[in-house]
4 protein chains.
Amino acid sequence: MFEKCITLLNDRGVTLYDIADCVMYLQAKYHPEITVEEVLEVIHSVISKREVQHAIITGVSLDMMAEQNTLCDKDLQDILIDDYSLYGIDEVLAYGICNLYGSIALTNYGYIDKVKPGIIEKLNEHIEGTCNTFLDDIVGAIAASAASKIAHNHSN
Amino acid sequence: MFEKCITLLNDRGVTLYDIADCVMYLQAKYHPEITVEEVLEVIHSVISKREVQHAIITGVSLDMMAEQNTLCDKDLQDILIDDYSLYGIDEVLAYGICNLYGSIALTNYGYIDKVKPGIIEKLNEHIEGTCNTFLDDIVGAIAASAASKIAHNHSN
Amino acid sequence: MFEKCITLLNDRGVTLYDIADCVMYLQAKYHPEITVEEVLEVIHSVISKREVQHAIITGVSLDMMAEQNTLCDKDLQDILIDDYSLYGIDEVLAYGICNLYGSIALTNYGYIDKVKPGIIEKLNEHIEGTCNTFLDDIVGAIAASAASKIAHNHSN
Amino acid sequence: MFEKCITLLNDRGVTLYDIADCVMYLQAKYHPEITVEEVLEVIHSVISKREVQHAIITGVSLDMMAEQNTLCDKDLQDILIDDYSLYGIDEVLAYGICNLYGSIALTNYGYIDKVKPGIIEKLNEHIEGTCNTFLDDIVGAIAASAASKIAHNHSN
């Protein structure tokens, strides 16, 4: 399932390096000494969690079916394609990930979701025919969780 | 959107009276004087919330597409049709509802999800060809939220 | 209890206008037409909730006892006076507030907690002999919740 | 900090064996083959988490100060001594623990909080002069989290 999730993310335009960039962005002022290798390792451990994998598969499937116009519900189709700002189920899924990594992960996520660094901005470009309503929040949640884990690891 | 959600629930075999029964079950020992009319009114107010409506539409759509075998992902299809016990996204959506009604709602939900009174048991029968993986949790969350609101209303 | 909470906040250096400033900061780019009067009304409704009042009383009491050095536990005393960055119970209480207002409130809170506008920055100055470990998070959570309620009210 | 938390729990009348009994109660029908030794090991790993330790120290301190009548706020004193049913900050702290272990932990906690097996019932006896308003929820949350971890470990 881990490999499948990495492939899904790649197919949707997100590499683990993109996520690592977001983690570096969140951690830069606290732990400037951290290497990309260490960050990638932590991202791996986050995506190894069953609950994270289920969030990826569920969210990305909803995005893909919205793109393919194969969702069974017309209202849901419109909401996802438009990335309707008051639809919060994408954030609910993201919080399901962050909660596993404690309160620092939640705060990081709220921040990254507003500031939209790197890949998260790119996923929010709303290009005609594409839908990343869930993906941007999932990527943000994985990055926020990895940054939280690093904060806990690098203290004593 | 409210009417649509009521219709969706009915189409999937759940009436507001079924949900009211669950609320009565949760509240019986604390507020035996409560009438079905009052309970129905509270259930209406819960389903009037935008975040609850979005959870209903998203969860029920996933159940329906699993039944129709039209989900774009084979693993997700298998997980939902089997109601795989370690898949927790259905509970994550349910918590997205309960959180809006505070800690009593969360506790009520955890209880009802284990004891499975009335309609929730029925939705869990796993009849061949049907899928209610999300629906039973959503119904439990609505009932738990309504019971929490009643507890707060009936105190001083 | 409502009046008591307002007094507690004032005694700790926080007026409802300070909180309104934070809400305006969060909402400025989405709803520039909103008046301070409307924002104050929404803040009132947030602080009217029993769960919010309990969070205020509990958090502020912990801050005050840390200042007075009357906490029964020496480690807790040190953690609160130092505002130890990996102590997350203050954020846990804040999330207990935000959860009542949905996913937008959580995202707003994560953002405000990092950016620290106005009164939140001031509460974070860590002046010798003062402790606002819980207060800054509670104020941020009330502002984030009010902003979320405004976002939901001002849509259709 | 780990040793301190174990001592705090013991001083308040809770042994790790008491918590293990609650975990066995929750897991009995799913994994009857589990030994007390394995359960104790998982409980150790839960209490090793920094966020869990902070919840224990904060909650137990509030209980102890309520017993000693040394809380700085009279209303908070009354609420904690009476274990006021609509005070939910104890559950908010408990959810702060359970969230780290995913949705199964949350459901387990809601159930155990209602059914109150073993030590949790005992902590709820409300003996004059004692206060366990936070402790029963913290013990329930640790047990629920350990049971969730076991469920995830024992699957494939």
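All of the points below concern the structure found in this document. In this numbering scheme, every chain counts its residues from 1 along its sequence in written order. Here every chain gets a letter starting at A, and every ligand a number starting at 1, in the order they are written. Owing to the predicted nature of the model, reporting of local features is limited to residues with pLDDT of at least 70; listing and counting of side-chain atom pairs is limited to 80 or more, with chain, interface and lining totals taken over all residues. To obtain the side-chain values, all non-hydrogen atoms of the structure were used and water was disregarded.

A look at the packing of aromatic side chains
How two aromatic rings sit relative to each other is given by the distance of their centres and the angle of their planes.
Argument step 1. Here is the rule: rings of Phe, Tyr and Trp (six-membered ring for Trp) pair when centre to centre is within 6.5 Å. Planes less than 30 degrees apart are stacked, more than 60 are edge-to-face, and the remainder are tilted. This model, assessed by the stated rule, comprises 14 aromatic pairs over all chains.
Argument step 2. Taken together, a centroid distance of 6.4 Å and an interplanar angle of 15° make the contact between C:Y25 and C:Y111 stacked. Here C:Y25 is found in helix 2 (residues 16–27), whereas its partner C:Y111 is found in helix 7 (residues 102–115), with 86 residues between them in sequence.
Argument step 3. Classification of C:Y25 by relative accessible area gives partly exposed; the value is 37%.
Argument step 4. Of the aromatic side chains, those joined through ring pairs into one cluster are A:Y25, A:Y111, C:Y25 and C:Y111.
Argument step 5. A cation over an aromatic ring shows up here: B:K49 above the ring of B:Y101, its NZ or CZ 5.2 Å from the ring centre. By definition, any uninterrupted DSSP run of H or I lasting at least four residues is a helix, any uninterrupted run of E lasting at least two residues is a strand, and each is numbered from the N terminus. Three labels apply to residues, based on accessible area from a 1.4 Å probe with only protein chains included: buried if under 20% of the type maximum, exposed if over 50%, partly exposed otherwise in between. A positively charged side chain is recorded as over a ring if its NZ (Lys) or CZ (Arg) lies within 6 Å of the ring centre. The angle to the ring normal must also be within 35 degrees.

Re the packing of helix 6 (residues 89–98) of chain C against helix 9 (residues 135–153) of chain C
Residues and elements named next belong to chain C.
Argument step 1. Between N-to-C directions, angles cover 0 to 180 degrees, with each direction set by a line fitted to C-alpha atoms, over the stretch in contact for helices. In contact at an axis separation of 9 Å, helix 6 and helix 9 are set at 20° when each is read in the N-to-C sense. The angle between helix 6 and helix 9 falls in the class roughly parallel. In this structure, helix 6 meets helix 9 at a crossing whose hand is right-handed. Across the interface between the two elements, D90, E91, A94, I97 and C98 from helix 6 touch D137, I138, A141, I142, A144 and S145 from helix 9.
Argument step 2. Under the grouping applied here, Gly and all other residues not named as nonpolar or charged are polar, the nonpolar ones being Ala, Val, Leu, Ile, Met, Phe, Trp, Tyr, Cys and Pro and the charged ones Asp, Glu, Lys and Arg. Across the contact of helix 6 with helix 9, the residue classes tally to seven nonpolar, one polar and three charged. Put simply, angles under 35 degrees are roughly parallel, angles over 145 are roughly antiparallel, angles from 65 to 115 are roughly perpendicular, and the rest are oblique. In this scheme the handedness of a crossing depends on how the near helix is turned from the far one: anticlockwise by less than a right angle means left-handed, clockwise means right-handed. By definition in these notes, contact holds between two residues if any of their heavy atoms fall within 4.5 Å.

What to know about the interface of chain A and chain B
Argument step 1. On the side of chain B, 28 residues touch chain A, which itself brings 28 residues to the contact.
Argument step 2. The term buried area refers to how much accessible surface (probe radius 1.4 Å) is lost by two components on association, counted for both of them together. Summed over both sides, the interface between chain A and chain B buries roughly 2300 Å², with carbon and sulfur atoms accounting for 70% of that surface.
Argument step 3. Whenever a carboxyl oxygen of Asp or Glu lies within 4 Å of a side-chain nitrogen of Lys or Arg, that contact is scored as a salt bridge. Between B:D73 and A:K4 there is a salt bridge, and its shortest N-O distance comes to 2.6 Å.
Argument step 4. Contacts described as polar in this section are N or O atom pairs within 3.5 Å, which, within protein, must combine one atom able to donate a hydrogen with one able to accept it, while residues neighboring in sequence count only if both atoms come from side chains. Across the contact surface, chain A and chain B share seven residue pairs in polar contact (both at pLDDT 80 or more).
Argument step 5. Elements supplying a minimum of two residues to the side of chain A that touches chain B: helix 4 (50–68), helix 5 (74–82) and helix 6 (89–98) of chain A.

Thoughts on the relation of the copies chain C and chain D
Argument step 1. Here the copies are superposed with least squares, the fitted atoms being C-alpha atoms of residues at a pLDDT of at least 70 in both. Each copy of the sequence occupies a distinct position, and chain C is placed on chain D by a rotation of 180° and an axial shift of 0.0 Å, giving an RMSD of 0.0 Å. Put plainly, the chains are arranged around a two-fold axis.

Focus on the relation of the copies chain A and chain B
Argument step 1. Between chain A and chain B, which share one sequence, the superposing operator has a rotation angle of 180° and an axial displacement of 0.0 Å; the RMSD is 0.0 Å.
Argument step 2. Here 100% of the interface residues in chain A have copies in chain B that are interface residues too; the copies meet face to matching face.

Focus on the side chain of D:R50
Argument step 1. Inspection of the secondary structure assignment puts D:R50 in helix 4 (residues 50–68).
Argument step 2. Only four residue types enter the charge count: Lys and Arg as positive, Asp and Glu as negative, with His and the chain ends excluded. No salt bridge forms around the buried D:R50; measuring N to O, its nearest opposite-charge neighbour D:E51 is 7.6 Å away.
Argument step 3. Within the local environment of D:R50, its side chain forms a polar contact with the side chain of A:H152, the two groups lying 2.7 Å apart.

Here's the deal with helix 7 (residues 103–115) of chain D
Residues and elements named next belong to chain D.
Argument step 1. The terminal C-alpha atoms of helix 7 lie 19 Å apart, and with 13 residues this matches the ideal 18 Å at 1.5 Å per residue to within 8%.
Argument step 2. S103, I104, A105, L106, T107, N108, Y109, G110, Y111, I112 and D113 are the residues of helix 7 that are buried.
Argument step 3. Within two residues after helix 7, K116 carries a phi angle of roughly 50°, on the positive side. An expected span of 1.5 Å times one less than the residue number is assigned to each helix.

Things to note about the interface of chain C and chain D
Argument step 1. Across the boundary between the two partners, chain C contributes 28 residues, which contact 29 residues of chain D.
Argument step 2. Between chain C and chain D, a total of about 2300 Å² is buried, with carbon and sulfur atoms accounting for 70% of that surface.
Argument step 3. The tally of links from chain C across to chain D stands at four salt bridges.
Argument step 4. The partner of C:D75 in a salt bridge is D:K4, and the shortest N-O contact between them spans 2.7 Å.
Argument step 5. Linking chain C with chain D are seven residue pairs in polar contact (both at pLDDT 80 or more), by the criterion used here.
Argument step 6. Of all elements in the fold, only helix 4 (50–68), helix 5 (74–82) and helix 6 of chain C reach the threshold of two or more residues within the side of chain C that touches chain D.
Argument step 7. Ranked by residue count, the leading element in the side of chain C that touches chain D is helix 4 of chain C, at 11 residues.
Argument step 8. Residues that form the side of chain C that touches chain D fall into these classes: 16 nonpolar, seven polar and five charged.

Focus: the pattern of salt bridges
Argument step 1. For the structure on display, the rule yields 16 salt bridges over all chains.
Argument step 2. A salt bridge links B:D78 to B:K74; its shortest N-O distance comes to 2.9 Å. Here B:K74 and B:D78 lie together in helix 5 (residues 74–82), a separation of four residues that amounts to about one turn.
Argument step 3. Judged by relative accessible area, B:D78 falls into the partly exposed class, the value being 31%.
Argument step 4. Connected through shared salt-bridge partners, A:K4, B:D73 and B:D75 make up one network.

A few points about helix 6 of chain C
Argument step 1. Of all 10 residues in helix 6 of chain C, 10 are buried; the element is thus mostly enclosed.
Argument step 2. Along helix 6 of chain C, the residues classified as buried are C:I89, C:D90, C:E91, C:V92, C:L93, C:A94, C:Y95, C:G96, C:I97 and C:C98.
Argument step 3. Along its buried surface, helix 6 of chain C packs onto helix 7 (102–115) of chain A, helix 4, helix 7 and helix 9 of chain C together with helix 4 and helix 6 (89–98) of chain D.

Observations concerning the environment of A:L135
All names here are of chain A.
Argument step 1. Within the secondary structure, L135 sits in helix 9 (residues 135–153).
Argument step 2. Sequence separation between L135 and I57 is 78 residues, and the spatial gap between their C-alpha atoms is 10.0 Å.
Argument step 3. Contacts of L135, omitting those with residues within four sequence positions, involve L9, R12, V14, V60, D63 and L123.

Focus: the environment of A:L71
Argument step 1. Relative to the elements of secondary structure, A:L71 occurs in the loop between helix 4 and helix 5.
Argument step 2. Once the C-alpha coordinates of A:L71 and A:S61 are considered, the two residues, 10 residues apart in sequence, prove to be 9.9 Å apart.
Argument step 3. With residues up to four places along the chain from it excluded, the contact list for A:L71 reads A:L62, A:M65, A:A66, A:L76, A:Q77, A:L80 and B:M65.

Thoughts on the state of the cysteines
Should the sulfur atoms of two cysteines be covalently bonded, the bond is a disulfide.
Argument step 1. Our working definition of a disulfide is a cysteine sulfur pair at a distance within 2.5 Å. Applying the stated criterion across every chain yields a total of zero disulfides over all chains.
Argument step 2. This cysteine, C:C5, is not joined by any disulfide, and D:C72 carries the nearest cysteine sulfur, 13 Å off.
Argument step 3. Residue D:C72 stays outside any disulfide, its sulfur separated by 11 Å from that of C:C131, the closest cysteine.
Argument step 4. For D:C72, a relative accessible area of 32% puts it in the partly exposed group.

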